[in-house]
Amino acid sequence: MMPDSTLSAHVGADLERRGYCIVENFLDADARAALARECGALHARNQLRPAAVGNVGERHVDARVRGDHTHWFDPLDLTAEQSAYWAPMDALRRALNRRLLLGMEQFETHYALYPPGTRYARHRDRFRDDDSRVLSSVLYLNPGWHDSDGGALRLHLDPAVPDSHLDIYPHDGTLVLFLSADFEHEVLPTGRERLSVAGWFRR
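Residues numbered from 1 in each chain as written. Predicted model: local features only at pLDDT ≥ 70, side-chain atom pairs only at ≥ 80, totals over all residues. Heavy atoms only, no water.

Draft legend 1. Here's a closer look at the packing of aromatic side chains. Applying the stated criterion across every chain, the model contains 9 aromatic pairs. On the numbers, 6.5 Å between centres and 85° between planes, the contact of F26 with Y85 is edge-to-face. Separated by 59 residues along the polypeptide, F26 in the loop between β1 (20-23) and α2 (29-44) and Y85 in helix α3 (residues 80-100) bring together distant segments of the chain. Taking 6.2 Å as the distance between ring centres and 85° as the angle between the ring planes, the aromatic pair formed by F178 and F183 counts as edge-to-face. Residue classification places F178 among the buried residues on the basis of a relative accessible area of 3%. The class for F183 is buried, based on a relative accessible area of 5%. In textbook terms, an aromatic cluster arises when at least three aromatic residues are bridged by ring pairs, as seen for F26, F73, Y85, W86, F107, Y111 and F201. Above the face of the W200 ring, R133 is positioned so that its terminal group lies 3.9 Å from the ring centre. (Phe/Tyr/Trp six-rings, centres within 6.5 Å; stacked < 30°, edge-to-face > 60°. Helix = DSSP H or I, 4+ residues; strand = E, 2+ residues; numbered from the N terminus. Buried < 20%, exposed > 50% of the residue type's maximum accessible area, 1.4 Å probe, protein only. Lys NZ or Arg CZ within 6 Å of the ring centre and 35° of its normal.)

Draft legend 2. Representation of α3 within the structure. Compared with the 30 Å implied by 1.5 Å per residue over 21 residues, the 30 Å span of α3 between its first and last C-alpha is a close match. Within α3 the residues assigned to the buried category are Q82, Y85, W86, P88, M89, A91, L92, R93, A95, L96, N97 and L100. Here the buried face of α3 lies against α1 (4-18), α2, β4 (106-114), β6 (133-140), β9 (175-179) and β11 (194-202). One or two positions beyond α3, positive phi appears at L101, with a value near 55°. (Expected span 1.5 Å × (residues − 1). Contact = heavy atoms within 4.5 Å.)

Draft legend 3. Examining the sheet that holds strand β5 (residues 120-123) more closely. Spatial strand order, β5-β10-β7-β8: 4 strands in an open sheet with antiparallel pairing. One side of each edge strand has no neighbouring strand; the edge strands of this open sheet are β5 and β8 (165-168). Taking the axes of each pair of neighbouring strands and ignoring which way they run, one obtains an average angle of 15° across the sheet. (Pairing = 2+ DSSP bridges. Axes fitted to C-alpha atoms, helices over the stretch in contact; angles between N-to-C directions.)

Draft legend 4. Structural detail: the sheet that holds β9. Read across the sheet, 7 strands follow the order β1-β9-β6-β11-β4-β3-β2 without closing on themselves; strand pairing throughout is antiparallel. Looking at the sheet topology across the chains shown, the edges are occupied by β1 and β2 (49-50). Bridging between β4 and β11 involves 9 bridges; their strand directions are antiparallel. Of the residues in β11, the one forming a bridge with Q106 is R202. Against the sheet, α2 makes contact with β3 (69-72), β4, β6 and β11, and its axis sits at roughly 65° relative to β4, the strand it touches most.

Draft legend 5. Region of interest: the side chain of R194. Its place among the elements puts R194 in strand β11. A polar atom in the side chain of R194 sits 3.3 Å from the side chain of Y140. With residues up to four places along the chain from it excluded, the contact list for R194 reads A112, L113, Y114, Y140, N142, W145, G151, A152, L153, P170 and V187. (Polar contact = N/O pair within 3.5 Å; in protein donor to acceptor, adjacent residues only side chain to side chain.)

Draft legend 6. Fine view of the pattern of salt bridges. Counted according to the given criterion, the structure contains 14 salt bridges. With a closest N to O distance of 3.1 Å, R17 and D14 form a salt bridge. Of this pair, R17 and D14 are both found in helix α1, 3 residues apart, which corresponds to roughly one turn of the helix. Among the residues examined, R17 registers a relative accessible area of 61% and is labelled exposed. Looking at D14, the relative accessible area reads 7%, which means it is buried. Its salt-bridge partner being R66, residue D68 comes within 2.7 Å of it at the nearest N-O pair. R66 carries the same exposure label as D68, and that label is buried. Salt bridges sharing partners connect three or more residues here, namely D14, R17 and R18. (Salt bridge = Lys/Arg side-chain N within 4 Å of Asp/Glu carboxyl O.)

Draft legend 7. Layout of the layout of surface pockets. Estimates place the volume of the largest pocket at around 900 Å³. If you trace the largest pocket, you find 41 residues lining it, with Y120, H123, R124, D125 and R133 closest to the centre. When grouped by side-chain class, the residues that make up the lining of the largest pocket number 18 nonpolar, 10 polar and 13 charged. (1 Å grid on protein atoms, 1.4 Å probe; cavity = no way out; pocket = protein on both sides within 12 Å on 5 of 7 lines; lining within 4 Å. Points joined across faces, edges and corners; volume = space filled by probe spheres on them. Nonpolar A, V, L, I, M, F, W, Y, C, P; charged D, E, K, R; others polar.)

Structure (structure tokens):
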């Protein structure tokens with residue numbers, strides 16, 4: 001993993017230039033493995049819940065649209081595994097605020113487990129009536145992932161250009177960040193269980 005100053009400079013430059021950034025080997029392998037084990041243990045105890053779609057007052061579960069199961073981190077009661085992820089993400093938030101003046105005051109995040117055969121249909125992370133989400137993030141926790149396993153995050157890059165997209169496969173340690181308002185995206189059907197930590201920096 002890059003030093004904090006190098007990481008924030010890399011992320012900040014990419015966000016300014018193209019609105020998204022991909023970081024390889026975020027956190028060390030032991031920290032990522034600990035997160036994956038915790039997510040798996042929560043799943044085994046039925047503490048991951050089917051994810052809903054829609055904003056407050058309209059939220060509902062529709063597995064045809066979104067098939068993952070989630071568990072939200074409690075910032076006031078983080079486990080050791082979660083703290084090892086939260087701390088560098090919060091440091092990145094503060095550094096990006098200084099560089100880009102984004103006004104991000106909060107971070108929210110959850111585990112996301114996609115069973116084989118599930119997906120998340122094309123959507124945008126910012127709601128029409130709520131602009132609090134500024135920057136979306138996802139860290140993948142999938143050792144030994146092959147592109148043939150599917151499950152790519154598809155970023156739709158330019159609405160004016162048909163089929164203009166970037167597919168990012170969920171290889172272990174890959175961190176993806178993108179401006180929430182700027183990119184529609186989707187999770188393509190996965191051929192095996194797919195783990196990640198998804199989050200949003202908020203105003």
